[in-house]
Amino acid sequence: MTYINDNYLKLTAGYLFLEIARRIEAFCAKNPAAKVIRLGIGDVTEPLAPAVIQAMHTAVDELAVRSSFRGYGPEQGYDFLREAIAKNDYQARGAEVHADEIFVSDGSKCDSGNILDVFGENNVIAVLDPVYPVYVDTNVMAGHTGAADASGRYSGLVYLPVTADNDFVPELPKQRVDLIYLCYPNNPTGVVATKEMLKRWVEYAQQNGSIILYDAAYEAYITDPAIPHSIFEIDGAREVAIEFRSFSKTAGFTGVRCAYTVIPKGLKGKARDGREVEIHPLWNRRHCTKFNGVSYPVQRGAAATYSREGKRQVRETIDFYLTNAKLVRETLAKLGIQVYGGVNAPYVWLKTPGKLSSWDFFDKLLQEAHLVGTPGSGFGACGEGYFRLSAFNSRANVEEAVQRFAKIM
Ligand code: MLT
């Protein structure tokens, strides 16, 4: 028989959101009349901005005519989109990122997993705990860890706890690490990183020859002008960081699929023989070998988010979700529940009432209020006793959800 990748056998449970979907399905099968409201997976609900729709329609019409038809596009993305990203998302904030350092892709989840292709096998990897599970699981699949212990932590990874006890500010690793995953605004806790925090990480990476994998998928939700949107707003970050960004949560593209990764020229790793090697050409090689680019209409739609109208419309939708988050946060706080996040992020992170375990609270909410959230323990051992509610839903559903929540507390 053919050998499989044994690393997959180390994965502790199903992918978190699949496990949640399984429990909801079982509940709905038994309670077909229940109107379940989902504040679990961070999936958008509001329609695309009219400017995006218009741009996509026009692009489709271009493809219908021989003279403007396009086949394969550049794997890295069309210049019109890469230039709009560099100008609006970076240069406008004083961050040095050039269009040819941007790789357009079909998702930040994919990119944050695929990036491991260009890194070696013996790197020491640090993640926050709780953490977006994709960073951990992709390292398990790649064979970068040992087995998991009873709490679900894998040997070989360096876990940096973030809980209410340290105000969700991770300590710098006590040992030297090669790769560090950071996500701000944070999924799942909804907290943000200040400039000072990011400076400390950049200095750590400079001193230790590490690379920071910075996931900024939720940057559009930052409302506080003092909070950086990109790691590249920090001096020296170009030499030590890669950044992942997405149109999913910014412009409602979870189903449309468009994201990008920034790999600054000059960012280097080390070959086995000790030579310093640039990461940019390695990723370019990987991208061109395994990926054929995002479709033309989708890239036109993404580019439309940078037009004057597009910016305004996208902002309105983000403000709408942030108002949902405020409603959740304020209602729960009034009920005496300890809440975090939800101000500069679409996620509200809460301490489970009555010291219930995360999954027990999940079951209670589902059974008694027909509400779905995400158990904190699904994001890591330090997430036990916490719970995440997402702000992605209609206003009517969020209003009803908080009322149901209040009834069972
Ligand atoms: C989440 O709910 O954590 C996100 O939707 C997951 C994702 O973006 O892949």
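Residues numbered from 1 in each chain as written. Predicted model: local features only at pLDDT ≥ 70, side-chain atom pairs only at ≥ 80, totals over all residues. Heavy atoms only, no water.

Novice: Which residues make up the packing of aromatic side chains, and what values go with them?
Specialist: Inspection of every chain in the model, using the stated rule, returns 24 aromatic pairs. Geometrically, the ring pair formed by Tyr 221 and Phe 392 is edge-to-face, given 6.1 Å between the ring centres and 90° between the ring planes. Of this pair, Tyr 221 sits in the loop between strand E6 (211-215) and strand E7 (241-246) while Phe 392 sits in the loop between strand E15 (386-390) and helix H12 (395-408), and the two are 171 residues apart along the sequence. Consider the rings of Phe 247 and Tyr 260, whose centres lie 6.0 Å apart with planes at 55°: the pair is tilted. Taken together, the residues Phe 247 in the loop between E7 and helix H7 (248-251) and Tyr 260 in strand E8 (residues 259-262) connect sequence positions 13 residues apart. Among the aromatic side chains, those forming a connected cluster through ring pairs are Tyr 90, Phe 232, Phe 247, Phe 253, Tyr 260 and Tyr 306. (Phe/Tyr/Trp six-rings, centres within 6.5 Å; stacked < 30°, edge-to-face > 60°. Helix = DSSP H or I, 4+ residues; strand = E, 2+ residues; numbered from the N terminus.)

Novice: Break down the sheet that holds strand E3 (residues 125-129) for me, with residues and values.
Specialist: Across a sheet, strands are paired by hydrogen bonds formed along the backbone, either parallel or antiparallel in direction. Spatial ordering of the open sheet is given by E2-E8-E7-E6-E5-E3-E4, a layout of 7 strands whose pairing is mixed. One side of each edge strand has no neighbouring strand; the edge strands of this open sheet are strand E2 (102-105) and strand E4 (157-161). The mean angle between the axes of side-by-side strands here comes to 20°, regardless of whether they run parallel or antiparallel. (Pairing = 2+ DSSP bridges. Axes fitted to C-alpha atoms, helices over the stretch in contact; angles between N-to-C directions.)

Novice: Provide a residue-level description of the packing of helix H1 (residues 16-30) against helix H11 (residues 358-369), including the pertinent values.
Specialist: Packing of H1 against H11 leaves a shortest axis separation of 11 Å and a crossing angle of 35°. The interaxial crossing formed by H1 with H11 has right-handed handedness. Residue-level inspection shows Leu 16, Glu 19, Ile 20, Arg 23, Ile 24 and Phe 27 of H1 in contact with H11, the latter providing Trp 359, Phe 362, Asp 363, Leu 366 and Gln 367. For the contact of H1 with H11, the class distribution of residues is 7 nonpolar, 1 polar and 3 charged. (Left-handed = near helix turned anticlockwise from the far one by under 90°. Contact = heavy atoms within 4.5 Å. Nonpolar A, V, L, I, M, F, W, Y, C, P; charged D, E, K, R; others polar.)

Novice: Before we move on, can you summarise the site of the ligand with the specific residues and values?
Specialist: In the vicinity of the ligand, the residues found are Phe 17, Ile 41, Gly 42, Lys 109, Tyr 132, Asn 187, Tyr 218, Lys 249, Tyr 347 and Arg 388. Tyr 347 places a polar side-chain atom, nitrogen or oxygen, 3.5 Å from an oxygen atom of the ligand. Its free accessible area being 260 Å², the ligand has 85% of it covered by the protein chains. Considering only residue class, the shell around the ligand consists of 5 nonpolar, 2 polar and 3 charged. Each of domain 1 (6-47 + 309-408) and domain 2 (53-307) gives at least three residues to the shell around the ligand. (Near = heavy atom within 4 Å. Polar contact = N/O pair within 3.5 Å; in protein donor to acceptor, adjacent residues only side chain to side chain. Areas by Shrake-Rupley, 256 points an atom, 1.4 Å probe, with all protein chains shown as cover. Domains from an automatic or database assignment.)

Novice: Any details on the sheet that holds strand E14 (residues 374-375)? Residues and values, ideally.
Specialist: Strands sit in the order E11-E12-E15-E14 across an open sheet of 4 strands; the sheet is antiparallel. This sheet does not close on itself; its edge strands, each paired only once, are strand E11 (339-341) and E14. Looking at chain direction, strand E12 (residues 347-351) and E15 are connected through 5 bridges and run antiparallel. Pairing of Tyr 347 across the sheet is with Ser 390, part of E15.

Novice: Describe the environment of Ile 212, naming the residues involved and giving the relevant values.
Specialist: Considering the arrangement of structural elements, one finds Ile 212 in strand E6. Aside from chain neighbours lying at most four places away, what touches Ile 212 is Ile 180, Leu 182, Trp 201, Val 202, Ala 205, Ile 231, Val 240, Ala 241 and Ile 242.

Novice: Give me the lowdown on the side chain of Thr 250, citing residues and values where you can.
Specialist: One can find Thr 250 in helix H7. The exposure class assigned to Thr 250 is buried, which follows from its relative accessible area of 18%. A polar atom in the side chain of Thr 250 sits 3.0 Å from the backbone oxygen of Ser 246. Aside from chain neighbours lying at most four places away, what touches Thr 250 is Ala 217, Glu 219, Ala 220, Val 314 and Ile 318. (Buried < 20%, exposed > 50% of the residue type's maximum accessible area, 1.4 Å probe, protein only.)

Novice: If you had to explain H1 to someone new, which residues and values would you point to?
Specialist: With 15 residues, H1 ought to run about 21 Å at 1.5 Å a step, and its terminal C-alpha atoms sit 22 Å apart, in line with that. Of the residues making up H1, those classed as buried are Leu 16, Phe 17, Glu 19, Ile 20, Ile 24 and Phe 27. Summarising the axial view, the buried residues of H1 lie within an arc of 160°, below the 170-degree limit, and thus occupy one face. Exposed residues pointing more than 90 degrees away from the buried face of H1 are listed as Leu 18, Glu 25 and Ala 29. Where H1 is buried, its residues touch strand E1 (37-38), helix H5 (133-141), H11, strand E13 (371-372), E14 and E15. (Expected span 1.5 Å × (residues − 1). Arc of directions from axis to C-beta.)

Everything listed is a geometric property; what it means functionally is a separate question.
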